[in-house]
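Single-letter residue listing:
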Amino acid sequence: MRFAYPMLMAAALAVHTLTFPAAAAADEASDKVALARQVVDLAVAPGIDGRVARMIAEAAAKQPADRQAPFRADAEKAAAPIRADLLGEFATYYASALSLAELKDIHGFYSSPAGRKLVQVEEAKPAEVNAAIQQYIIKLVVLINGPK
């Protein structure tokens, strides 16, 4: 009996030592996914939400006046699960591509006044800036693909 206690303690320590790194890795992976989702909510979601809202508004404007509000409501409802899946893809990718330390740094930036301002400025670009950007993209596509 006297030897059984030290043997049990040694076995318990061995099991704890073997499982602790796995538990720590699982905790870090979980932390990364949660933090990546917060980064996506701060940095990516506003852009996605703005684009979807503009697309729905443009499509609703093409409907008869009495159908615009119901169309908008139906489109927003239909878009919600797609939005969730899209943002989930971003979060999964960020969690796999970035370290926990990098995610913390990025989260810190987008949580800061400067980071929040950057998102606001990006989302508030005037139509003429968006049009100019689109023209540059078209030029690049033509350059790469050649004239048709």
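Everything discussed here concerns the structure shown above.
Overview of the structure. (Residues numbered from 1 in each chain as written. Predicted model: local features only at pLDDT ≥ 70, side-chain atom pairs only at ≥ 80, totals over all residues. Heavy atoms only, no water.)

Once that is clear, we can look at the environment of arginine 51. By the secondary structure assignment, arginine 51 is in helix α2 (residues 45–61). Sequence separation between arginine 51 and glutamate 123 is 72 residues, and the spatial gap between their C-alpha atoms is 9.0 Å. Every residue in contact with arginine 51, bar those within four places of it in the chain, is listed here: Glu122 and Glu123. (Helix = DSSP H or I, 4+ residues; strand = E, 2+ residues; numbered from the N terminus. Contact = heavy atoms within 4.5 Å.)

With that settled, the discussion passes to the packing of helix α4 (residues 100–111) against helix α5 (residues 113–123). It is at 4 Å that the axes of α4 and α5 come closest, and there the two elements cross at 70 degrees. By the angle class used here, α4 and α5 are roughly perpendicular. When α4 is examined against α5, the residues Phe109, Tyr110 and Ser111 are found in contact with a partner set consisting of Pro113, Ala114, Gly115, Arg116, Leu118 and Val119. Partitioned by chemical class, the residues of the contact of α4 with α5 number 6 nonpolar, 2 polar and 1 charged. (Axes fitted to C-alpha atoms, helices over the stretch in contact; angles between N-to-C directions. Parallel < 35°, antiparallel > 145°, perpendicular 65-115°, else oblique. Nonpolar A, V, L, I, M, F, W, Y, C, P; charged D, E, K, R; others polar.)

What follows concerns a nonpolar patch on the surface. Together, Val129, Ile133, Ile137 and Val141 make up a nonpolar patch on the protein surface, roughly 300 Å² of accessible area in all. As for its position among the elements, valine 141 is in helix α6 (residues 127–145). (Patch = residues over 30% accessible without salt bridge, like charges linked within 9 Å, V, L, I, M, F, W, Y side chains within 5 Å. Areas by Shrake-Rupley, 256 points an atom, 1.4 Å probe, with all protein chains shown as cover. Salt bridge = Lys/Arg side-chain N within 4 Å of Asp/Glu carboxyl O.)

Right, let's talk about the pattern of salt bridges for a bit. The full count for this structure, using the stated rule, is 3 salt bridges. Among the ionic pairs, aspartate 41 bridges to arginine 37, the shortest N-O distance being 3.1 Å. With aspartate 41 and arginine 37 both in helix α1 (residues 4–43), this residue pair falls 4 residues apart, about one helical turn. Since its relative accessible area comes to 37%, aspartate 41 is described here as partly exposed. Salt-bridge contacts for aspartate 49 lead to arginine 83; the nearest nitrogen and oxygen are separated by 2.5 Å. Here aspartate 49, found in helix α2, pairs with arginine 83, found in helix α3 (residues 65–97); they are 34 residues apart in sequence, far enough to count as distant. Given the relative accessible area of 31%, aspartate 49 is considered partly exposed. (Buried < 20%, exposed > 50% of the residue type's maximum accessible area, 1.4 Å probe, protein only.)

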